[in-house]
Amino acid sequence: MTEHTHTEGSATAVPFGEFRIGRTEQDGAIIVEVAGDVDTTTAPALVQAADTALAEQPPVLVVDLSRVEFLASPGLTALLTIHRNARPGTAVRIVASGRATLRPIQLTGLEESLSLFPTREAALTGS
């Protein structure tokens, strides 16, 4: 069973099967940090956390997947949903560089639909 732990702060090492979402703010941007597996049971929590952040209409929402160990199809759908739910004036930027996250995005051709960045710093600056 997957545990849903929502924290306010940095995601740390995640034991096998555990899922965490943290939220921080930096330079006016909201960062949603995700750790663990993003699958059928956890993807809705990711969308909910992003929607909560988007409701504040930040100029930038960064979804940091650098600690995600597995990104299933529902997780890919969640990323597309987050992009779709963003209002004009909010840039959604996804941090995905590891094999667990970038590979599924590339295999499905979603790199054309998502704003991908290799690091959080790059996502924050948009470069």
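All values derive from a computational prediction rather than experimental measurement.

A.B. asks: Report on the overall build of the protein, specifying residues and quantitative values.
C.D. replies: From N to C terminus, the protein includes four helices and six strands. When the helices and strands of the protein are listed from N to C terminus, the series reads β-β-β-α-β-α-β-α-β-α. Residue burial in the protein is summarised as follows: out of 127 residues, 50% are buried. Total accessible area computed for the protein in this model is approximately 6400 Å², and 52% of it derives from carbon and sulfur atoms.

A.B. asks: Summarise the pattern of salt bridges; cite the residues concerned and give the values.
C.D. replies: Under the definition given, this model contains five salt bridges. Of the charged contacts, one joins R20 and E18 as a salt bridge, the two residues approaching to 2.9 Å between their closest N and O atoms. For the pair R20 and E18, a shared accessibility class is recorded, and that class is buried. We note a salt bridge from R120 to D64, for which the minimum N-O separation is 3.1 Å. Of the two residues, R120 is situated in helix α4 (residues 120–125) and D64 in strand β4 (residues 60–71); the sequence distance between them amounts to 56 residues.

A.B. asks: For unusual backbone geometry, give the residues involved together with the corresponding values.
C.D. replies: The phi torsion at D27 lies on the positive side, around 50°, for a residue other than glycine. Looking at the element boundaries, D27 is found in the loop between β2 (18–26) and β3 (29–38).

A.B. asks: Account for the packing of helix α1 (residues 43–54) against helix α2 (residues 73–85), naming residues and giving values.
C.D. replies: Remark: α1 packs on α2, axes separated minimally by 9 Å, with the N-to-C direction vectors making an angle of 15°. Relative to α2, the element α1 is oriented roughly parallel. In this structure, α1 crosses over α2, and the sense of that crossing is right-handed. Contact residues: A43, L46, V47, A50, D51 and L54 in α1; P74, G75, A78, L79, T81, I82 and N85 in α2. Across the contact of α1 with α2, the residue classes tally to nine nonpolar, three polar and one charged.

A.B. asks: Account for the confidence of the model for the protein, naming residues and giving values.
C.D. replies: Taken as a whole, the protein shows an average pLDDT of 89; of its residues, 87% reach a score of 70 or greater. Here residues 1–14 scores under 50 on pLDDT; set against residues more than four positions off or in separate chains, the count is 40 contacts.

A.B. asks: Can you tell me about helix α3 (residues 99–107), naming the residues and giving the values?
C.D. replies: Among all positions in α3, only T101, P104 and I105 are buried. For α3, the buried positions fall inside an angular range of 100° around the axis, keeping them on one side. Projecting away from the buried face of α3 at angles above 90 degrees are the exposed residues R99 and L107. Where the residues of α3 are buried, they touch β4, α2 and β6 (116–117). Among the residues trailing α3, G109 stands out with phi positive, at a value near 75°.

A.B. asks: Describe in detail the nonpolar core, supporting the description with residues and values.
C.D. replies: V34, L46, L61, V63, L65 and L79 are the most contacted members of the largest nonpolar core, which has 30 residues in total. Once residues within four sequence positions are removed from consideration, L61 is found in contact with I30, V32, A50, A53, L54, I82, T90, A91, V92 and R93. Counting residues in hydrophobic clusters, the runner-up holds nine residues, among them V62, F117, A123 and L124.

Definitions and limits used
- Residues numbered from 1 in each chain as written.
- Predicted model: local features only at pLDDT ≥ 70, side-chain atom pairs only at ≥ 80, totals over all residues.
- Heavy atoms only, no water.
- Helix = DSSP H or I, 4+ residues; strand = E, 2+ residues; numbered from the N terminus.
- Buried < 20%, exposed > 50% of the residue type's maximum accessible area, 1.4 Å probe, protein only.
- Areas by Shrake-Rupley, 256 points an atom, 1.4 Å probe, with all protein chains shown as cover.
- Salt bridge = Lys/Arg side-chain N within 4 Å of Asp/Glu carboxyl O.
- Axes fitted to C-alpha atoms, helices over the stretch in contact; angles between N-to-C directions.
- Parallel < 35°, antiparallel > 145°, perpendicular 65-115°, else oblique.
- Left-handed = near helix turned anticlockwise from the far one by under 90°.
- Contact = heavy atoms within 4.5 Å.
- Nonpolar A, V, L, I, M, F, W, Y, C, P; charged D, E, K, R; others polar.
- pLDDT = per-residue confidence, 0-100.
- Arc of directions from axis to C-beta.
- Core = buried A, V, L, I, M, F, W, Y, C linked by side-chain atoms within 4.5 Å.

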